[in-house]
Amino acid sequence: MQLTHATWCEVSAYLAQSKAIIVPIGSTEQHGPIGLIGTDALTATAVAHGIGECNGALVGPTLSLSVAQFNLGFPGTISLRASTLMAVVNDYVLSLKRQGFERFYFVNGHGANVAVAKAAFQDIYAQWSLGNMTGQPPRCRLRSWWDYPQADALRKQWFGAGEGMHATPSEIAMTLHLVPGSERKASPQALAAPTQLPAAFLRDHGGDNHWDAQTHQAAFPDGRVGSDSALATAEQGKQLLEAAIAGGCDDFAAFVMET
Ligand code: NI
């Protein structure tokens, strides 16, 4: 069930049988010459809705704006500051907590969300730890869809080092499946396999821990960060989506049952 398609009476009835909600969190940013700007929100939303259907769980509205300052040199990218996103996560969670929700399962589609969302969770718990709030605190968890073992195995098997870090063939495959007709043509030169990222770069820039927009665009002028986007097919996207949902379905159920 989608929160945006429910009435308040239906949400009230849902709360009588479950206190858990799934929250898709993505980004609105460039994804290379053939990837859609909305890729991270589209993928997170699709996986979240699949997990919701699998568990009969409510899915909240997608947080589709995020921290993407490093991509601001590319037209179409919108970025929140990290502090803004932390405030949004806080207010989203505490709004629903006030009405009885207790477990918040974030399904993530954007690397930079990991550090920021987890920092926001810590600040939420701190409000209880410091004695500013009474009663039981909420619990929040974030999972990136590509980290579910079933999806991770497929992307390693299919794409290897070509998966790279941004505008990955995995995410492009999923949007090819989710948005029919979204194939884009680009010159063979634009779609040539990018240089493999050095191990030191992967170590230092994991989770989209990039420098400023000017530096980032100079280093990655077409927007791909070591990813061979052109390897993607819609059929792979369908299988990746199913794999991520299968992984998330069990993981969400376990989160809800945790004591
Ligand atoms: Ni992405």
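Keep in mind that this is a model prediction, so the values were computed, not measured. (Residues numbered from 1 in each chain as written. Predicted model: local features only at pLDDT ≥ 70, side-chain atom pairs only at ≥ 80, totals over all residues. Heavy atoms only, no water.)

**Remarks on the side chain of Thr175**
Then step 1. You can see Thr175 is positioned in helix 6 (residues 169-178).
Then step 2. For Thr175, a relative accessible area of 2% puts it in the buried group.
Then step 3. Those residues within four positions of Thr175 in sequence are excluded, and the remaining contacts are Leu36, Thr39, Leu42, Thr43 and Ser182. (Helix = DSSP H or I, 4+ residues; strand = E, 2+ residues; numbered from the N terminus. Buried < 20%, exposed > 50% of the residue type's maximum accessible area, 1.4 Å probe, protein only. Contact = heavy atoms within 4.5 Å.)

**So, the nonpolar core**
Then step 1. Counting 55 residues, the largest nonpolar core has Ile22, Val47, Val89, Phe101 and Phe106 as its most contacted members.
Then step 2. Element by element, the count of residues in this core is highest for helix 9 (residues 234-257), at seven residues. (Core = buried A, V, L, I, M, F, W, Y, C linked by side-chain atoms within 4.5 Å.)

**So, the sheet that holds strand 3 (residues 103-108)**
Then step 1. Strand order across the open sheet formed by four strands is 2-1-3-4, with parallel pairing between neighbours. What marks the edges here is a single partner per strand, and that holds for strand 2 (58-59) and strand 4 (139-144).
Then step 2. Sheet topology note: the strand 3/strand 4 ladder contains six bridges and is parallel. What sits directly across from Phe104, in strand 4, is Cys140.
Then step 3. Along the sheet, helix 9 makes contact with strand 1 (20-25), strand 3 and strand 4, crossing strand 3 at roughly 155 degrees. (Pairing = 2+ DSSP bridges. Axes fitted to C-alpha atoms, helices over the stretch in contact; angles between N-to-C directions.)

**Quick word on the side chain of Thr45**
Then step 1. Checked against the element boundaries, Thr45 lands in helix 2 (residues 39-55).
Then step 2. Within the structure, Thr45 has its side chain in polar contact with the side chain of Thr62 (distance 2.7 Å).
Then step 3. Beyond its immediate chain neighbours, meaning those up to four positions away, Thr45 contacts Pro24 and Thr62. (Polar contact = N/O pair within 3.5 Å; in protein donor to acceptor, adjacent residues only side chain to side chain.)

**Notes on the packing of helix 3 (residues 82-98) against helix 4 (residues 113-129)**
Then step 1. Where helix 3 contacts helix 4, the two axes come as close as 9 Å, and the packing angle between them is 50 degrees. Viewed along their axes, helix 3 and helix 4 adopt a mutual orientation that is oblique. Here helix 3 runs over helix 4; the crossing is right-handed. The residues of helix 4 that touch helix 3, namely those facing Ala82, Leu85, Met86, Val89, Asn90, Val93, Leu94 and Lys97, are Asn113, Val116, Ala119, Ala120, Phe121, Asp123, Ile124, Gln127 and Trp128.
Then step 2. Along the lines of polarity and charge, the residues of the contact of helix 3 with helix 4 split into twelve nonpolar, three polar and two charged. (Parallel < 35°, antiparallel > 145°, perpendicular 65-115°, else oblique. Left-handed = near helix turned anticlockwise from the far one by under 90°. Nonpolar A, V, L, I, M, F, W, Y, C, P; charged D, E, K, R; others polar.)

**Digging into the coordination of the nickel ion**
Then step 1. Protein coordination at the nickel ion comes from His31 (NE2), Asp40 (OD) and Glu171 (OE), with a distance range of 1.8 to 2.2 Å.
Then step 2. The sequence motif formed by the donor residues of the nickel ion is H-x8-D-x130-E.
Then step 3. Asp40 gets classed as buried once you look at its relative accessible area, which sits at 2%. (Donors = N, O, S within 2.8 Å, 3.2 Å for Na, K, Ca; no water.)

**Quick word on the packing of helix 2 against helix 6**
Packed helices, taken two at a time, are described by their axes: the angle between them and the distance between them.
Then step 1. Where helix 2 meets helix 6, the closest approach of the two axes is 10 Å, and the angle between their N-to-C directions is 70 degrees. With respect to helix 6, the element helix 2 is oriented roughly perpendicular. When the axes of helix 2 and helix 6 are compared, the crossing they make is left-handed. Contacts between helix 2 and helix 6 pair Thr39, Asp40, Leu42, Thr43, Ala46 and Val47 from the former with Glu171, Met174, Thr175 and Leu178 from the latter.
Then step 2. Within the contact of helix 2 with helix 6, the residues separate by chemical class into five nonpolar, three polar and two charged.

**Focus on the pattern of salt bridges**
Then step 1. Following the criterion strictly, the structure yields nine salt bridges and no others.
Then step 2. A salt bridge links Glu258 to Arg139, with the nearest nitrogen and oxygen atoms 3.9 Å apart. Taken together, the residues Glu258 in the segment after helix 9 and Arg139 in strand 4 connect sequence positions 119 residues apart.
Then step 3. Here Glu163 ties to Arg155 by a salt bridge, and the two come within 2.8 Å at their closest N and O atoms. A single burial state applies to Glu163 and to Arg155, both of which are buried.
Then step 4. Overlapping salt bridges bring together Asp152, Arg155, Lys156 and Glu163 as one network. (Salt bridge = Lys/Arg side-chain N within 4 Å of Asp/Glu carboxyl O.)

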